[in-house]
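# Fold and contact review
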Amino acid sequence: MNEITLKANAKLNLTLDICGKRDDGYHLLDSVMQSISLHDTVKLQIADKISVCCDCEEINGEDNIAYLSAVRFFEYVGISGGVKISINKNIPLASGMGGGSADAAAVICGLNKLYKTGLDETELCKIGATVGADVPFCIIGGTARVGGIGEKIEKLPDIPQCYIVVVKAGEKSSTKDMYKKLDGMDCLPLKTDEMIKAINNRSIKEISLNCSNAFSSVFDYGDIKEVFIKTLPLGVSLSGSGPTVFSIYDGKEKAERCAELLNGTVTVPQSKGIIFE
């Protein structure tokens, strides 16, 4: 086998609490993350050198995080390998859904299989953490509590079947600027513990009601949240620092009506972050 194709699933933050700040300025998070069916397709072929070809010209070539993930993988395993990385983008850029992190995770997992290096999940996540904060979660995937600056991951039970509509509401503001705004405000009540109770209760209604994001207090929803609410979702929230807004439904027809109204995408929860095709 000298080539492999993987689905790199997007992620949502069902909760995102900010619990403090480290001495080096990094914020400490407590979040429940969820993999969803919206995905990029990543194809890897063994080659003499590392290269990246993406159908999105903005992130083509060595500037793509997928390139760095391959470099870090080969450094970790101590071999001078190469790979041709081809990426078909479906996850919107700069959306708060971890598209780049998902692609990087797919490269790390795929190279482990292609080169038969036999790294376990802990080692793969160790590589991922050197690439980006969300990469370890994207490697593990499913439903998980993520803490620290992304390095602490605790797997949770899969959430019940539901339909999630995602809409990229405008252009992304600088995450650094969003954090600066938050630093001068009172934090929203912490919801992650309540979310975990809801997940353990297997209640999609409780899960939806406990969706919460600290960045909601500084994110400009405009009119979009009101439009979402008119479609009678179980819950509406923000992913990452935005600008993706998502809503949860217990029926497919309601979700499809919302997606049509807001030009969104209907997705479903996934139990894995990376899927080998």
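Worth saying up front: this structure is predicted, and the values here are computed from it rather than measured.

Time to look at helix 6 (residues 192-200). Side chains three or four residues apart in an α-helix point the same way, a direct result of the helix having 3.6 residues per turn. Inspection of helix 6 places Thr192, Met195, Ile196, Ala198 and Ile199 among the buried residues, and these make up the whole buried set. Taken around the axis of helix 6, the buried residues stretch over an arc of 160°, which confines them to a single face. Packed against the buried residues of helix 6 are strand 1 (3-21), strand 2 (27-47), strand 5 (143-148) and helix 7 (204-209). Of the residues trailing helix 6, Arg202 is marked for its positive phi of about 60°.

Summarising the element assignment, Ser69 is placed in helix 1 (residues 65-77). Setting aside its immediate chain neighbours within four residues, Ser69 contacts Ala104, Val107, Ile108 and Val131.

What follows covers the sheet that holds strand 7 (residues 163-168). Strand order in the open sheet formed by four strands is 9-10-7-11, with antiparallel pairing between adjacent strands. Unpaired on one side and paired on the other, strand 9 (235-238) and strand 11 (265-267) mark the two borders of the sheet. Each strand axis lies, on average, 25° off the axis of its neighbour in the sheet, ignoring direction. Summarising the sheet, strand 7 and strand 11 pair through three bridges and their orientation is antiparallel. Paired with Ile164 across the two strands is Thr267, which belongs to strand 11. Contacts between helix 9 (residues 252-262) and the sheet are confined to strand 7, strand 10 (244-249) and strand 11, with strand 7 contributing the most and set at about 10° to the helix.

Interhelical geometry of helix 1 versus helix 3 (residues 121-129) gives an angle of 130° and a closest axis separation of 9 Å. Judged on the interaxial angle alone, helix 3 and helix 1 are oblique. The handedness of the crossing between helix 1 and helix 3 is right-handed. Note on element contacts: helix 3 touches helix 1 through Glu123, Lys126 and Ile127, opposite Arg72, Phe73 and Tyr76.

Moving on, we come to the pattern of salt bridges. On inspection of all chains with the given rule, the structure shows eight salt bridges. Put simply, Lys11 and Asp134 hold a salt bridge, and the shortest N to O gap is 4.0 Å. A residue pair is termed long-range when its members are at least 10 positions apart, and Lys11 in strand 1 and Asp134 in the loop between helix 3 and helix 4 (135-140) qualify at 123 residues. Its relative accessible area of 21% is what places Asp134 among the partly exposed residues. Measuring nitrogen to oxygen at the nearest pair gives 3.4 Å for the salt bridge that ties Lys197 to Glu194.

Analysis parameters
Residues numbered from 1 in each chain as written. Predicted model: local features only at pLDDT ≥ 70, side-chain atom pairs only at ≥ 80, totals over all residues. Heavy atoms only, no water. Buried < 20%, exposed > 50% of the residue type's maximum accessible area, 1.4 Å probe, protein only. Helix = DSSP H or I, 4+ residues; strand = E, 2+ residues; numbered from the N terminus. Arc of directions from axis to C-beta. Contact = heavy atoms within 4.5 Å. Pairing = 2+ DSSP bridges. Axes fitted to C-alpha atoms, helices over the stretch in contact; angles between N-to-C directions. Parallel < 35°, antiparallel > 145°, perpendicular 65-115°, else oblique. Left-handed = near helix turned anticlockwise from the far one by under 90°. Salt bridge = Lys/Arg side-chain N within 4 Å of Asp/Glu carboxyl O.

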